[in-house]
Structure formats: C-alpha cells, structure tokens
Amino acid sequence: MEEENLLSLLPAPQRERLEERLRFRQYAPGELLLEQGRESGALIFLRSGFATVVRADCDVEYPISRVGPGAALGEISFVDGLSASASVRAEGRVEAAVP
C-alpha cells in the first residue's frame with residue numbers, strides 16, 4: 001500500500017496556493033532537517049529526496065522510518081509546541097519546503 005502525503009490530500013488550487021507561499025531549502029547528505037529535543041516550530045514538507053527518521057536513546061540512534069517527497073515533518077511539535085521527538089537526516093540531497 002502506498003503512503004499518501006499530506007499535500008496530496010489538498011485540492012489542486014489550495015495546494016498550489018500553499019506551494020506559492022513556501023520557501024525551499026536544500027539539505028546536504030547527512031544534514032539534519034529536524035533534531036530530536038530541539039524546538040523548531042516549523043512544519044516541513046519534503047519536495048525531493050529521501051530522509052531517515054531516527055530516535056536517539058543513550059547516544060544510540062534507532063531508525064524509525066524512511067520518508068520521501070510530499071512527507072510532512074515536524075507536524076506533532078508544530079501542533080503541540082514541544083521539541084522534536086525524533087531527528088530527521090537527509091539520506092542524499094534533499095529539497096524541503098518551509099512555510
């Protein structure tokens with residue numbers, strides 16, 4: 001079963017308006033998009049590339065999932081105002097949108 005991304009749930013006109021308001025940022029391989037324990041306050045959408053979601057415990061990182069284009073990141077901390085519960089690291093070159 002293919003995972004649906006958050007942006008694909010919007011009707012085309014609303015999705016296009018949202019995309020017009022976003023800033024795009026490039027991430028290098030290995031660079032963190034979000035860091036566990038840090039407040040970001042941002043809702044990030046992957047535009048291209050893949051990233052790994054990892055959770056650290058006692059200085060050991062455990063992979064949780066792999067995300068790709070259209071994935072929303074930081075949605076829980078964006079809504080509840082708390083720090084990120086996991087880190088997200090670019091696997092290769094990643095382009096992400098931040099409102």
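I will try to describe carefully the structure that is included in this document. (Residues numbered from 1 in each chain as written. Predicted model: local features only at pLDDT ≥ 70, side-chain atom pairs only at ≥ 80, totals over all residues. Heavy atoms only, no water.)

Turning to the environment of Arg 47, a few remarks are in order. Tracing the backbone through its elements, the reader meets Arg 47 in strand β3 (residues 44-48). For the pair formed by Arg 47 and Arg 25, sequence separation is 22 residues and the distance between their alpha carbons is 9.5 Å. The contacts of Arg 47, once residues within four sequence positions are left out, are Phe 24, Pro 69, Glu 95 and Ala 96. (Helix = DSSP H or I, 4+ residues; strand = E, 2+ residues; numbered from the N terminus. Contact = heavy atoms within 4.5 Å.)

So, about the environment of Leu 33. Along the chain, the position of Leu 33 falls in strand β2 (residues 32-34). Judged by its relative accessible area of 9%, Leu 33 is buried. For the pair Leu 33 and Ile 44, spaced 11 residues apart in sequence, the C-alpha separation works out to 8.4 Å. Those residues within four positions of Leu 33 in sequence are excluded, and the remaining contacts are Tyr 27, Ile 44, Leu 46, Leu 73, Val 88, Arg 89, Ala 90, Val 94 and Ala 96. (Buried < 20%, exposed > 50% of the residue type's maximum accessible area, 1.4 Å probe, protein only.)

Moving on: the environment of Gly 49. As for its position among the elements, Gly 49 is in the loop between β3 and β4 (51-57). Each C-alpha atom, one on Gly 49 and one on Val 88, is 13 Å from the other, the two residues being 39 residues apart in sequence. Residue contacts for Gly 49: discarding those within four places in its chain leaves Val 67, Gly 68, Pro 69, Arg 93 and Val 94.

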